Amino acid sequence: MEARKVVPAVSVAVLRGSTVLLVKRARPPSQGLYAYPGGKVEPGETRVQAAARELAEETGLAAKDYRPLRDIHIDGSSENHAVDYLLTVFGAAYAGGEPVASDDAETAAFYTLAEMAEMPLADAVLEVARELLGDSHR
């Protein structure tokens, strides 16, 4: 079995008060699921630059205080992708504006943990939100 190519990707969990920004994915991977805005890192970009660009492209928002939270290996073969992804999830603080879905996001809005518990979420979304909101509400 040949080794699959691993592509660097990012997503960003933006906190506003006791809510977290999620987008509903309009395209694979994770189509129809709610996830953090994100995508592939472009050549020449840092991971933070990629996270900020994807956030702006998908929601029109800006954030500040980016910090890496975790790395997740995503096996692309489960969705017939030719590559795997190494996803770095960032946490960031809301910096103004209202989210407007665009690019490959179907919807973009802020949600509470209680709302998220009832939604179809991509892997690790709820865990990350619990960590973030737990940290900011102690």
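The next subject is the pattern of salt bridges. One pass over the structure, following the stated rule, counts eleven salt bridges. Between D71 and R47 there is a salt bridge whose closest N-O contact spans 4.0 Å. Of this pair, D71 sits in strand β5 (residues 63–74) while R47 sits in helix α1 (residues 47–59), and the two are 24 residues apart along the sequence. Given the relative accessible area of 40%, R47 is considered partly exposed. Taken together, the shared-partner salt bridges in this structure form one network comprising E42, E45, R53, E54 and E57.

The next point concerns the packing of aromatic side chains. For any pair of aromatic rings, geometry is given as the distance between the ring centres together with the angle between the planes. Summed over all chains, the structure comprises three aromatic pairs. Relative to Y111, the ring of Y34 has its centre 5.9 Å away and its plane inclined at 75 degrees; by these criteria the two rings are edge-to-face. Here the residue Y34 occupies a position in strand β3 (residues 34–35), and Y111 occupies one in strand β7 (residues 105–111), the gap between them amounting to 77 residues. Each member of the pair, Y34 as well as Y111, is classed as buried. Summarising the aromatic geometry, the rings of Y94 and F110 are spaced 5.5 Å apart at their centres and angled 85 degrees between planes, so their arrangement reads as edge-to-face. Here Y94 is found in strand β6 (residues 84–94), whereas its partner F110 is found in strand β7, with 16 residues between them in sequence. When its relative accessible area of 22% is taken as the criterion, Y94 is described as partly exposed. In this structure F110 comes out as buried when scored by relative accessible area, which is 12%. The aromatic ring of Y94 is capped on one face by R16, whose charged end is 5.0 Å from the ring centroid. Stacked on the ring of F110, the Lys or Arg R16 has its end atom at 4.0 Å from the ring centre.

The subject of this paragraph is the side chain of T88. Turning to its location among the elements, T88 is positioned in strand β6. Overall, the relative accessible area of 2% leaves T88 in the buried class. Among the polar contacts listed, one links the side chain of T88 to the side chain of R47, at a separation of 3.0 Å. In contact with T88, other than residues within four places in its own chain, are A9, V10, S11, R47, P68, R70 and D71.

Turning next to the side chain of E58. The topology assignment puts E58 in helix α1. For the buried residue E58, which engages in no salt bridge, the nearest side chain bearing the opposite charge is R25, 4.7 Å off. When residues no more than four places from it in sequence are discounted, the contact partners of E58 are V23, P37, G38, V100, A101, S102, D103, D104 and A105.

Quick notes on the rules
- Residue numbers here run from 1 along each chain, matching the order of that chain's written sequence.
- Totals for whole chains, interfaces and linings use every residue, but because this is a predicted model, local features are given only for residues with pLDDT of at least 70 and side-chain atom pairs only at 80 or more, for both listing and counting.
- Excluding hydrogens and water, the side-chain values take into account all heavy atoms of the structure.
- Any Lys or Arg side-chain nitrogen located within 4 Å of an Asp or Glu carboxyl oxygen qualifies as a salt bridge.
- Numbering goes from the N terminus for both helices and strands, where a helix is a DSSP run of H or I of at least four residues and a strand is a run of E of at least two.
- Relative accessibility under 20% of the residue-type maximum defines a buried residue, over 50% an exposed one, and the middle range a partly exposed one, all with a 1.4 Å probe and only protein chains included.
- Centre distance within 6.5 Å is the pairing criterion for rings of Phe, Tyr and Trp, where only the six-membered ring of Trp is used; planes under 30 degrees apart are then read as stacked, over 60 as edge-to-face, and the remainder as tilted.
- Remark: a charge is flagged as sitting over a ring if the NZ atom of Lys or the CZ atom of Arg is within 6 Å of the ring centre and within 35 degrees of the ring normal.
- Counting of polar contacts relies on pairs of N or O atoms within 3.5 Å, with two restrictions inside protein: one atom must be capable of donating a hydrogen and the other of accepting it, and residues adjacent in sequence are counted only when both atoms are side-chain atoms.
- Pairs of residues are marked as contacts when any of their non-hydrogen atoms sit within 4.5 Å.
- Charge counting treats Lys and Arg as positive and Asp and Glu as negative, with His and both chain ends excluded.

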